[in-house]
Every structure is written in structure tokens, then in C-alpha cells.
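A look at the structure
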Amino acid sequence: MAAVNKAIILGNLGRDPEVRYTPDGMAITTFSVATTEKRKDRDGNSQEQTEWHRVVTFGRTAEVCGEYLSKGSSVYVEGSIRTRSWDDREGNKRYTTEIVGRTVQFLSPRGEGGRQSRSEAPPPEDDFAYEEGTGMTDDDVPF
């Protein structure tokens, strides 16, 4: 049986991206994107529901995102959903679900919540399995 793991979001960054590097120099950038759904309730009042999505990018895509995105930037992200776990300092099992961004398009005009005009980050390299502090290795990545 075939399977598909694909996520597509279009929203705004809630804070500046965080860039860090693995011991071998590969960039990892994380940022959160808000998507807001607007609808009317039974009484005709406008209602909004905002969801926050954690996005992680690797390699050259991570470098470009760290350089050109900032709080408020409008972005289109396409990737896959991944849940990973680790043990915190107290030995508790912790989990996070995130979107591994493979395609990131910058949608904000220059000077409007972003530092870049509309463009697309280059596709990531596939050797992005290590994440500092999580004990993650190539064998832990399911793709």
C-alpha cells in the first residue's frame, strides 16, 4: 500500500528563525508559522482560529531561511510531518511534531515583515539527519 506524508502551509512567522549548526557545519533552522482560519459563527460574528506550526529546515535551505526570514514574514512551506522524541535533563520522554520544510517560498515584499522579496529557497540536501542535543542519527530519519 502506498503512503503520502505531505504538509503545505502558508502563513506568517511568529518570531525570527533560530539557526544552529551541527558539529560538521550543517545548518539547521527552526521557525514557527501561524496559519489563521477565519469563519462566521451561527450569529454571523467573525471568528478566527490560529494554529502554530514548527518548521525545521536543513542545509542550504536553512541558511537562506535564517538569512532572509524574520518575524512577520509571509511564507509558503511544503514538506513532510515528523514526530521525534528525546529525553530531557530530568529523564522525561519529550515529543515534538514538526514540518520538515523541503520547499520554502518567501512571500513578503522587501521591508514588510521579511528581508527578501519573493523567492524560493534552494532545495535541501538529503544528509540532514543529525540534530544537536537530540541524539538523532541518520538511522532515526524515516526517509
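It should be emphasised that the depicted structure is a prediction, and the values quoted were computed from it without experimental measurement.

Rules and cut-offs
Residues numbered from 1 in each chain as written. Predicted model: local features only at pLDDT ≥ 70, side-chain atom pairs only at ≥ 80, totals over all residues. Heavy atoms only, no water. Core = buried A, V, L, I, M, F, W, Y, C linked by side-chain atoms within 4.5 Å. Buried < 20%, exposed > 50% of the residue type's maximum accessible area, 1.4 Å probe, protein only. Helix = DSSP H or I, 4+ residues; strand = E, 2+ residues; numbered from the N terminus. Contact = heavy atoms within 4.5 Å. Salt bridge = Lys/Arg side-chain N within 4 Å of Asp/Glu carboxyl O. Phe/Tyr/Trp six-rings, centres within 6.5 Å; stacked < 30°, edge-to-face > 60°. Pairing = 2+ DSSP bridges.

**Side note on the nonpolar core**
- Ranked by internal contacts, the top residues of the largest apolar core, which has 14 residues, are Phe31, Val33, Val55, Leu69, Val75, Val77 and Phe106.
- Secondary structure elements with two or more residues in this core: strand 1 (7-13), strand 3 (27-40), helix 1 (59-68), strand 5 (74-87) and strand 6 (93-106).
- With residues near it in sequence (within four places) discarded, Phe31 still touches Leu13, Pro17, His53, Arg54, Val55, Thr57, Cys65, Leu69 and Val77.
- Core analysis: the second largest hydrophobic core is formed by 5 residues, Met26, Ile28, Phe58 and Val100 among them.

**Concerning the pattern of salt bridges**
- Overall, the coordinates contain 8 salt bridges when judged by the stated rule.
- A salt bridge links Glu78 to Lys6; the shortest N-O distance between them is 2.9 Å. Here Glu78, found in strand 5, pairs with Lys6, found in the segment before strand 1; they are 72 residues apart in sequence, far enough to count as distant.
- Across the pair Arg60 and Glu63 runs a salt bridge, and its minimum N-O distance is 3.1 Å. Of this pair, Arg60 and Glu63 are both found in helix 1, 3 residues apart, which corresponds to roughly one turn of the helix.
- One network of salt bridges, with partners in common, ties together Arg54, Arg82, Arg84 and Glu98.

**Here's the deal with the packing of aromatic side chains**
- If you walk through the whole model with that rule in mind, you get 1 aromatic pair.
- Ring centres of Tyr68 and Phe106 lie 6.5 Å apart, and the angle between their planes is 45 degrees; this geometry places the pair in the tilted category. With Tyr68 in helix 1 and Phe106 in strand 6, this pair connects stretches of sequence that are 38 residues apart.
- Given the relative accessible area of 27%, Tyr68 is considered partly exposed.

**Some remarks on the pairing of strand 3**
- Two elements, strand 1 and strand 3, share 2 bridges in a ladder whose sense is antiparallel. If you follow Asn12 over to strand 3, its bridge partner there is Ala34.
- Across 4 bridges, the pairing between strand 2 (residues 18-21) and strand 3 is antiparallel. Following the sheet pairing, Tyr21 is matched in strand 3 by Ala27.
- Following strand 2, the chain reverses through 5 residues before pairing antiparallel with strand 3; Gly25 in that reversal takes a positive phi of roughly 95 degrees.
- As defined by bridge partners, strand 3 adjoins strand 4 (residues 46-58) across 13 bridges and the pair is classed as antiparallel. Of the residues in strand 4, the one forming a bridge with Arg39 is Gln47.

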